[in-house]
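# Chain and residue survey
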Amino acid sequence: MKNIITQFSRLFVGVLFIISGLIKLNDPVGFSYKLAEYFSEPVFNMPFLEPLALGLAIFLVILEVVLGVMLLVGYKSKLTIWALLLLIVFFTFLTFYSAYFDVVKDCGCFGDALHLTPWQSFTKDVVLLFFILILFINKKLVKPLFSKLVTNIITLVSIILCVFMAVWVINHNPIKDFRPYKVGTNIEKGMEIPEGAPKSVVEMIFIYKVNGVDKEFTEKDLMNIPEGAVFVDRKDKVISEGYVPPIHDFTMTKDDSDYKEELLKEPKLLIYVTYDLNLSNPEGMKKLAKVTADAKAKGYKVIGMTASGAEEIAKAKKDYALNIDFYFCDGTALKTVERANPSIVVVHDGTIAQKVHYNDVDDLKL
């Protein structure tokens, strides 16, 4: 019985680590955004780690996949199980912190393929911790499935394939797009809220300084605010989350007007997505002028979308000879549209027809 439970735990943990790792390895840039969120000031306040987020993301997802493979084939089982235990303890701490302090809404455990609430993520990690502890207690029962040579080869091949996949998706697009803006998606329909969908329940919280200390009051408490209290701020506390459409926070703003409805009706629309012009790839930006000329010659309306300010837009238009209008959109939304900076998105009547990394401009079909 002990051996059956141990082998089940081995299979369960190994397969789950491989699946979870591969999903994130498909989009390591997206996972790096999640790590950067953990490093940000509101969470762990470690901004010095933010520039390292992509490198750490690649290392962690490759480690996750390879450890899963090592566990299944029985490569250096003691080392593998120790590594799994340390990794799951670390992840469990992160998900508990996110859930308890309500700072990161989605841990990114399964990328954009499956969104889990913080408490769901924590529960998942606790379950994994339970099975890894079984493996830890019964390490001697986790034996190699093949000869030492075959086990070494499988482990080495898994590392090589993971590294190749990481390099490929960073320099191109994810192999499988799980995001709300995947090809074939109609943006306007993605923003619709179905009739009868649950609405968010929000409570207004008023903050007053009472005897030098900030205290929170609900609307019901307003009559009980002490005399002499000074108003500090007001915030909304979400009691229950309502339906959130797959596409939200998407705007196409210029001169304080949102042109989204008008632009998404264009039969031929070519969009350059660059969430931050200061961080955009110079070689990629240089390719856009020729793409613009070719697209306009074929009847496309060409625009840019960015979260950068007017000065950065003016500089980019001058440096890269871009005779197009730029529209503002939230940086997080643009990072969700496409990972590359810049990237090219072809839209026909509001439906995404093609998405191209700046390294794959030759694959653009107009």
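Residues numbered from 1 in each chain as written. Predicted model: local features only at pLDDT ≥ 70, side-chain atom pairs only at ≥ 80, totals over all residues. Heavy atoms only, no water.

## Re the packing of aromatic side chains
What the rule picks out here adds up to 21 aromatic pairs. With 4.9 Å between their ring centres and 50° between their planes, Phe-12 and Phe-131 make a pair best called tilted. With Phe-12 in helix α1 (residues 2-25) and Phe-131 in helix α5 (residues 118-137), this pair connects stretches of sequence that are 119 residues apart. Given the relative accessible area of 14%, Phe-131 is considered buried. Between Phe-44 and Phe-93, the ring centres sit 6.0 Å apart and the planes meet at 25°, which makes this aromatic pair stacked. On the criterion of sequence distance, the pair formed by Phe-44 in the loop between α2 (28-39) and α3 (53-73) and Phe-93 in helix α4 (residues 77-101) is long-range, its members being 49 residues apart. Taken together through their ring pairs, the aromatic side chains of Tyr-38, Phe-44, Phe-93, Phe-96, Tyr-97, Tyr-100, Phe-101, Trp-119 and Phe-122 make up a single cluster. The ring of Phe-136 has Lys-139 lying over it, and the distance from NZ or CZ to the ring centre is 3.8 Å. (Phe/Tyr/Trp six-rings, centres within 6.5 Å; stacked < 30°, edge-to-face > 60°. Helix = DSSP H or I, 4+ residues; strand = E, 2+ residues; numbered from the N terminus. Buried < 20%, exposed > 50% of the residue type's maximum accessible area, 1.4 Å probe, protein only. Lys NZ or Arg CZ within 6 Å of the ring centre and 35° of its normal.)

## A closer look at the UniProt feature "transmembrane region" (unreviewed entry) in the chain
Taken from the UniProt record, the annotation "transmembrane region" (unreviewed entry) applies to residues 12-33, 53-72, 79-99, 119-137 and 149-170. Annotated as 91% helix and 0% strand, the span residues 12-33 places its first and last C-alpha atoms 28 Å apart. The span residues 79-99 carries 100% helix and 0% strand; its end-to-end C-alpha distance comes to 30 Å. (UniProt positions renumbered as here; feature names shortened; annotations may be inferred.)

## A few points about the domain arrangement of the chain
Domain annotation for the chain reports domain 1 (1-171), domain 2 (201-240) and domain 3 (248-363). If you average the C-alpha positions of domain 2 and of domain 3, the two centres end up 43 Å apart. (Domains from an automatic or database assignment.)

## A word on the sheet that holds strand β1 (residues 201-210)
Taken in spatial order, the three strands make up an open sheet running β2-β1-β3, and their pairing is antiparallel. Pairing within the sheet leaves two strands with one partner each, and these edge strands are β2 (213-218) and β3 (230-240). Across the sheet, the axes of successive neighbouring strands diverge by a mean angle of 30°, strand direction being ignored. Bridging between β1 and β2 involves six bridges; their strand directions are antiparallel. Its bridge partner lying in β2, Phe-206 is registered against Phe-217. (Pairing = 2+ DSSP bridges. Axes fitted to C-alpha atoms, helices over the stretch in contact; angles between N-to-C directions.)

## A short note on the pairing of strand β10 (residues 351-357)
Among the seven residues in β10, five count as buried, and that is most of the element. Across six bridges, strand β9 (residues 343-348) lies against β10 in antiparallel orientation. Bridging from a neighbouring strand, Ser-343 pairs with His-357 of β10. Joining the antiparallel neighbours β9 and β10 is a turn of two residues, in which Asp-349 adopts a positive phi near 50°.

## Side note on a nonpolar patch on the surface
A cluster of nonpolar side chains, contributed by Phe-96, Tyr-100, Phe-101 and Trp-119, occupies part of the molecular surface with about 460 Å² of accessible area. Per-element tally for the nonpolar patch: the top contributor is α4, with three residues. Following the sequence through the fold, Tyr-100 ends up in helix α4. (Patch = residues over 30% accessible without salt bridge, like charges linked within 9 Å, V, L, I, M, F, W, Y side chains within 5 Å. Areas by Shrake-Rupley, 256 points an atom, 1.4 Å probe, with all protein chains shown as cover. Salt bridge = Lys/Arg side-chain N within 4 Å of Asp/Glu carboxyl O.)

## So, unusual backbone geometry
Across the junction of Asn-341 and Pro-342, the peptide omega takes the value 10°, indicating a cis bond. If you trace the backbone, Pro-342 turns up in the loop between α12 (331-337) and β9. Even without being glycine, Asn-45 reaches a positive phi, approximately 55°. Of note, the phi angle at Asp-349 is positive, near 50°, even though the residue is not glycine. By the element assignment, Asp-349 lies in the loop between β9 and β10.

## Examining α4
Here α4 is 25 residues long and its end C-alpha atoms lie 36 Å apart, about the 36 Å a rise of 1.5 Å per residue gives. At the exit of α4 stands Asp-102, carrying a positive phi of roughly 55°. (Expected span 1.5 Å × (residues − 1).)

## Section: the side chain of Ser-9
One can find Ser-9 in helix α1. Since its relative accessible area comes to 0%, Ser-9 is described here as buried. Residues in contact with Ser-9, not counting those within four places in the same chain, are Phe-131, Ile-134 and Leu-135. (Contact = heavy atoms within 4.5 Å.)

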